[in-house]
Amino acid sequence: MRILHQCGHNDVWSFQAVLEDHAGDGLILSPRHRAYEKIDQVPDALRRVSMFDPQFYIPATEAGKLLTYPFFPNNVVSSFETSEYVGKPSRESALLCVQFQEQMRFAHYVIPARHFTTNLAESLQFNQEAFVEPFLLELKSRPKRQVFLQVVLERSVVVDDEAHHQILNWATSFQEVDGVYLIVNERRTTKQSKDPDYLYRLLCFIDSLRAADMELAIGYCNTESLLLTIADPNYVTIGAYENTRVFNVENFDSTIESGGGAPKPRVYCSKLCQSIEHDYLNLIKRKVPLSRILDSSPYAIEMFKPEFNWHFSKPELYKHMFVVLGNQLRLAGDLGGKKRFEHVISVLEEARMLGDLLRSEGIVLDVNSDSSHLAAWLTAANLFGRAKGWS
């Protein structure tokens, strides 16, 4: 299993994490945040182990730097309309996008996708006509590399067994496709996923794709990437800011204004499987030695110097998370099958007990810092383990 950094704002932190800290194996580059003319500034050694996500989720958008890419649908046809795009424009877009991925020497080709709506049959048909068929036609004349088909689903599709079969049959019908690059628009209101049914169905969906001999990359993972390792994906992702760890299609809609204030600085604690707000740390250390919950890293040393200025924009917060979460994922990834499952269950149980200890000491963390997500994760993991015959 390999770890890819889902890039966004300040993607250079991820470059450093992979090249200098060995906290990851490559990148998934974001054209929304890095302009067309700046992709070749990414070190060649990194591009060769990375993916490029064309981010065609909303083809008519003007968000971020997407319009600097000549192959973006809203550049190929003025004022994007579905009926006008399929045909010659879609073939032109495919030609330019494939050429770009080849010239930049990315490890894989990615066939983009528009965000799948709840009308699954309509979404599959459009994506096949507008993206899959033109890209596969263009790829016939290109040097052989693995081809990943992007699939961008709603939560409602993930929890629908019939939809699973539709997606599985569709994705495996293209012989030239080696894998699926899966993204889910979960639409949750908390930083951690706390829906056991969704998580269980997602594990089953991943397992079905792997059983069909498909490679799988899971995009926009938060720390639930640890849980998802038990379904044996080939790639999981980690990211810095929340919009690279929790997918929200509205972030790519230029007609919707982004809102909200600056987030509070958070520290990832692998022993809790959670990122907790900095404000709690002084309270915790009065009751429990911080070494019980904090991981060591070169960046932790910097963060806990008296002069450190705690602010959500400080790179040390994210570089620490990359190192710590990366190590946690590597440890799980070094195991396989039942042993990986048992290891992850043990990590989650220990995290839950540590959360209970903090609460017994009077430390009541908020819903985005506490251990309330672990019950859902353990439930999903246990049900999946039973389905696999591991427990």
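Residues numbered from 1 in each chain as written. Predicted model: local features only at pLDDT ≥ 70, side-chain atom pairs only at ≥ 80, totals over all residues. Heavy atoms only, no water.

So, the overall build of the protein
- A tally of regular secondary structure across the protein gives 15 helices and 10 strands.
- Projected onto its principal axes, the C-alpha positions of the protein cover 65 × 50 × 35 Å.
- Taken over 391 residues, the protein has a buried fraction of 56%.
- Taking the intrachain contacts of the protein between residues at least 6 apart in sequence as the baseline, contacts between residues at least 24 apart amount to 70%.
- With the model as given, the accessible surface of the protein reaches about 16500 Å², and the carbon-plus-sulfur share is 47%.
- One way to put it: in the protein the 41 positive side-chain charges average out to a point 5 Å from where the 49 negative ones average out. (Helix = DSSP H or I, 4+ residues; strand = E, 2+ residues; numbered from the N terminus. Buried < 20%, exposed > 50% of the residue type's maximum accessible area, 1.4 Å probe, protein only. Contact = heavy atoms within 4.5 Å. Areas by Shrake-Rupley, 256 points an atom, 1.4 Å probe, with all protein chains shown as cover. Lys, Arg positive; Asp, Glu negative; His and termini not counted. Charge placed at Lys NZ, Arg CZ, Asp CG, Glu CD.)

Overview of the pattern of salt bridges
- In the structure shown here, the tally under the stated rule is 23 salt bridges.
- Note that Arg47 and Asp44 form a salt bridge whose closest N and O atoms lie 3.8 Å from each other. Remark: Asp44 and Arg47 occur in helix 2 (residues 44-47); sequence separation between them is 3 residues, near one turn of the helix.
- We classify Arg47 as buried; its relative accessible area is 8%.
- Its relative accessible area of 24% is what places Asp44 among the partly exposed residues.
- In this structure, Asp279 engages Lys264 in a salt bridge whose closest nitrogen and oxygen atoms are separated by 3.5 Å. Here the residue Asp279 occupies a position in the loop between strand 10 (274-277) and helix 11 (281-287), and Lys264 occupies one in the loop between strand 8 (235-238) and strand 9 (266-269), the gap between them amounting to 15 residues. (Salt bridge = Lys/Arg side-chain N within 4 Å of Asp/Glu carboxyl O.)

Observations regarding the environment of Pro143
- Residue position: Pro143 is located in the loop between helix 6 (120-139) and strand 5 (146-154).
- Residue classification places Pro143 among the partly exposed positions, given a relative accessible area of 42%.
- Taking the C-alpha atoms as reference points, Pro143 and Ala211, 68 residues apart in sequence, are found 27 Å from one another.
- Excluding its chain neighbours within four sequence positions, the residues that come into contact with Pro143 are Glu102 and Tyr109.

As for the side chain of Asn74
- Within the secondary structure layout, Asn74 lies in helix 3 (residues 73-76).
- Here Ala60 takes part through its backbone oxygen, which lies 2.9 Å from a polar atom of the side chain of Asn74.
- Only 3.4 Å separates the side chain of Asn74 from the backbone oxygen of Thr61, close enough to count as a polar contact.
- Asn74 has contacts with Pro59, Ala60, Thr61, Glu62, Leu67, Ser79 and Phe80, leaving out every residue within four places of it along the chain. (Polar contact = N/O pair within 3.5 Å; in protein donor to acceptor, adjacent residues only side chain to side chain.)

So, helix 1 (residues 12-19)
- Among all positions in helix 1, only Trp13, Ser14, Phe15, Ala17 and Val18 are buried.
- Contact partners of the buried residues in helix 1: strand 1 (2-6), strand 2 (26-29), helix 2 and helix 13 (315-333).

Quick look at the side chain of Ser90
- The topology assignment puts Ser90 in helix 5 (residues 88-103).
- The class of Ser90 is buried, set by a relative accessible area of 1%.

Structural notes on the packing of helix 9 (residues 196-211) against helix 15 (residues 373-388)
- Relative to each other, helix 9 and helix 15 sit at 40°, their axes nearing to 8 Å. Relative to helix 15, the element helix 9 is oriented oblique. Judged by the sense of rotation from one axis to the other, the crossing of helix 9 with helix 15 is right-handed. From helix 9, Pro196, Leu199, Tyr200, Leu203, Cys204 and Asp207 reach across to helix 15, where they touch Ala376, Trp377, Thr379, Ala380, Ala381, Leu383, Phe384, Ala387 and Lys388.
- Partitioning the contact of helix 9 with helix 15 into residue classes produces 12 nonpolar, 1 polar and 2 charged. (Axes fitted to C-alpha atoms, helices over the stretch in contact; angles between N-to-C directions. Parallel < 35°, antiparallel > 145°, perpendicular 65-115°, else oblique. Left-handed = near helix turned anticlockwise from the far one by under 90°. Nonpolar A, V, L, I, M, F, W, Y, C, P; charged D, E, K, R; others polar.)

Overview of the environment of Gln125
- Tracing the chain through its elements places Gln125 in helix 6.
- Counting along the chain gives 45 residues from Gln125 to Trp170, while the straight-line C-alpha distance between them is 9.8 Å.

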